[in-house]
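What follows is each chain in one-letter form.
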2 protein chains.
Amino acid sequence: MIHTSPSYRTEIRTAMRGGDGDVRIEHLFEPGTELLAPTRMISRITLKPGCSIGFHRHEREEECFHLISGTAEADDDGRKVTLRAGDSILTGNGAGHAIRNIGSDDLILLAVIVRYPEAKQ
Amino acid sequence: MIHTSPSYRTEIRTAMRGGDGDVRIEHLFEPGTELLAPTRMISRITLKPGCSIGFHRHEREEECFHLISGTAEADDDGRKVTLRAGDSILTGNGAGHAIRNIGSDDLILLAVIVRYPEAKQ
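Being a predicted model, the structure only gives us computed values, none of them experimental.

Visitor: Explain the sheet that holds strand E4 (residues 39-47) of chain A to me, and be specific about the residues and the numbers.
Guide: Taken together, seven strands build an open sheet; the order of strands is E2(A)-E3(A)-E4(A)-E11(A)-E6(A)-E9(A)-E1(B) and the sheet is antiparallel. If you trace the sheet from one side to the other, it starts and ends with strand E2 (9-14) of chain A together with strand E1 (2-3) of chain B, each paired once. Inspection of the sheet shows E2 of chain A paired to strand E3 (residues 22-27) of chain A by six bridges, in the antiparallel sense. The residue of E3 of chain A that forms the bridge with Glu11 of chain A is Ile25 of chain A.

This is the structure in structure tokens:
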């Protein structure tokens, strides 16, 4: 199944998780209908300079950000780090993260959230 | 958890799935130890011009390729398509795919494979 760039379902979120400015989220494929695995989101995210996603935690799931272009300051569960194109951050099992575009170009990243298996009864 | 670009575990596979040339796979995070979700692979893949991954099927799992840069010809379960930076292809539930770099620059893509939940007994 192919989705080409301009046809993605796109949403703009303002002050996402208490962050600054707008976050553009292009959903590559849709959970439940297109994605049959427990992938809750797979999207290409664009933050303009100064924009951010605020700190939030991931319980019973994990999210990977992979930086396609730009420069970010991330909060990796309490530790501040600088990330550049090609770097990745993984957050799950109750940990938290935040990310901010600290460069002068757009920050573009691939975000993938996958749920953990249900606990056995 | 942060992994920066030069520190990824990298493998080179030759004639992968019957394809041509070499495939460079940089594993962003490791299943089982770092990844707790049923993500079997999350990696940045580089194919030099003319290199390819041959046709293969995904059963009980699905793989998403998202093109970071370059131009590809993909086989999407029997249908030939041209993909460019920003495009994506999803293959799972028994379908198959192949991908070849048909451009003059490196083809770089993000690949994510997530397993389906186990069938209930």
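Additional details are given in the paragraphs that follow.
Visitor: Give a detailed account of the interface of chain B and chain A, specifying residues and quantitative values.
Guide: Contact residues are listed per partner, giving 37 residues for chain B and 37 residues for chain A. Buried area between chain B and chain A, both sides added, is near 2,800 Å², and the carbon and sulfur share of it is 66%. Together, Ile2, Leu36 and Leu90 of chain B form the three largest contributors to the area buried by chain B at its contact with chain A, with a combined 19%. Viewed at the interface, chain A and chain B are joined by zero salt bridges. On inspection of chain B and its partner chain A, the count reaches 18 residue pairs in polar contact (both at pLDDT 80 or more). Going through the elements one at a time, E1, strand E4 (39-47), strand E6 (61-69), strand E8 (79-84), strand E9 (88-92) and strand E11 (107-115) of chain B are the ones with two or more residues in the side of chain B that touches chain A. For the side of chain B that touches chain A, the class distribution of residues is 22 nonpolar, eight polar and seven charged. Where strand E9 (residues 88-92) of chain A and E1 of chain B come together, two bridges link them in antiparallel fashion.

Visitor: Outline the sheet that holds strand E7 (residues 71-76) of chain A, listing residues and values.
Guide: Residues and elements named next belong to chain A. As summarised here, the arrangement of the four strands in space is E5-E10-E7-E8, forming an open sheet in which the pairing is antiparallel. Both outer strands of the open sheet, strand E5 (52-57) and strand E8 (79-84), are each paired with one neighbouring strand and no more. Pairs of neighbouring strands in the sheet enclose a mean axial angle of 20°, with direction left out of account. Bridging between E5 and strand E10 (residues 96-101) involves four bridges; their strand directions are antiparallel. By the bridge assignment, Ser52 is partnered in E10 with Arg100.

Visitor: Could you give me a rundown of the environment of Ser52 of chain A, with the residues and numbers involved?
Guide: Residues and elements named next belong to chain A. With respect to the secondary-structure elements, Ser52 resides in strand E5. Sequence spacing of Ser52 and Arg17 is 35 residues, and the spatial spacing of their C-alpha atoms is 8.9 Å. Look past the residues within four positions of Ser52 in its chain and what remains in contact with it is Met16, Gly19, Asp20, Val23, Leu47, Ile99 and Arg100. A polar side-chain atom of Ser52 sits 2.8 Å from the main-chain amide nitrogen of Asp20.

Quick notes on the rules
Residues numbered from 1 in each chain as written. Chains lettered and ligands numbered in written order. Predicted model: local features only at pLDDT ≥ 70, side-chain atom pairs only at ≥ 80, totals over all residues. Heavy atoms only, no water. Pairing = 2+ DSSP bridges. Helix = DSSP H or I, 4+ residues; strand = E, 2+ residues; numbered from the N terminus. Contact = heavy atoms within 4.5 Å. Buried area = accessible area lost by both parts, 1.4 Å probe. Salt bridge = Lys/Arg side-chain N within 4 Å of Asp/Glu carboxyl O. Polar contact = N/O pair within 3.5 Å; in protein donor to acceptor, adjacent residues only side chain to side chain. Nonpolar A, V, L, I, M, F, W, Y, C, P; charged D, E, K, R; others polar. Axes fitted to C-alpha atoms, helices over the stretch in contact; angles between N-to-C directions.

From the geometry alone we can't say anything about function, so treat these as descriptive.
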